[in-house]
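Residues per chain are reported as follows:
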Amino acid sequence: VQLVESGGGLVQPGGSLRLSCAASGFTFGGSTMRWFRQAPGKERELVASITSAGGTTNYADSVKGRFTISRDNAKNTVFLQMNSLKPEDTAVYYCNTRRNGMDYWGKGTMVTVSS
């Protein structure tokens, strides 16, 4: 299983970013995918999840209405569109999937929201 995140960077408050996670080594189309984030000095938290066919999505209360998770099963990629970014969204964002009870993670991509 390999998960590779991209799309992070520095953005001003109110701005937008789109994160991508390219997946390989497993049946992507049959897997629920998740985005987590970890801010400095804080625990890793679940941001959003999407079921295998994309029919069900869930969001942390802190990002509802601002973030959108989506997927392209033909390209084995999951996305996180982040709008109206706030300084408190600053964190390393990780892509995640669970296979046979084991969690797999990418290396993460850093998002910094600052003026």
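Use the structure listed above.
Residues numbered from 1 in each chain as written. Predicted model: local features only at pLDDT ≥ 70, side-chain atom pairs only at ≥ 80, totals over all residues. Heavy atoms only, no water.

*Asks:* Can you help me understand the packing of aromatic side chains in this one?
*Replies:* In total, this model carries 3 aromatic pairs according to the counting rule given. Measuring from ring centre to ring centre gives 6.4 Å for tyrosine 94 and tryptophan 105, while their planes differ by 85°; the resulting arrangement is edge-to-face. One end of the pair, tyrosine 94, is in strand E9 (residues 91-99); the other, tryptophan 105, is in strand E10 (residues 102-105), and 11 residues separate them in sequence. On the accessibility criterion, tyrosine 94 (13% relative accessible area) is buried. Judged by relative accessible area, which is 34%, tryptophan 105 ranks as partly exposed. Following the ring pairs from residue to residue traces out a cluster consisting of Phe36, Tyr94 and Trp105. The cationic tip of arginine 71 hangs over the ring face of phenylalanine 28; the distance from NZ or CZ to the ring centre is 4.4 Å. (Phe/Tyr/Trp six-rings, centres within 6.5 Å; stacked < 30°, edge-to-face > 60°. Helix = DSSP H or I, 4+ residues; strand = E, 2+ residues; numbered from the N terminus. Buried < 20%, exposed > 50% of the residue type's maximum accessible area, 1.4 Å probe, protein only. Lys NZ or Arg CZ within 6 Å of the ring centre and 35° of its normal.)

*Asks:* Any chance you could explain the sheet that holds strand E8 (residues 77-82) here in plain terms?
*Replies:* Backbone hydrogen bonds are what pair the strands of a sheet, in a parallel or an antiparallel way. Taken in spatial order, the 4 strands make up an open sheet running E1-E3-E8-E7, and their pairing is antiparallel. Of all strands in the sheet, those with a lone pairing partner are strand E1 (2-6) and strand E7 (67-72), marking the two edges. Here the average twist between neighbouring strands, direction ignored, is 15°. Both strand E3 (residues 17-24) and E8 contribute to a ladder of 6 bridges, which runs antiparallel. Bridge pairing in E8 links cysteine 21 to valine 78. (Pairing = 2+ DSSP bridges. Axes fitted to C-alpha atoms, helices over the stretch in contact; angles between N-to-C directions.)

*Asks:* Honestly, the side chain of threonine 109 in this entry has me stumped. Any pointers?
*Replies:* Among the secondary structure elements, threonine 109 is positioned in strand E11 (residues 109-113). Assessed through its relative accessible area of 10%, threonine 109 is described here as buried. Residues in contact with threonine 109, not counting those within four places in the same chain, are Glu5, Ser6, Gly7, Gly8, Leu19, Ala91, Val92 and Tyr93. (Contact = heavy atoms within 4.5 Å.)

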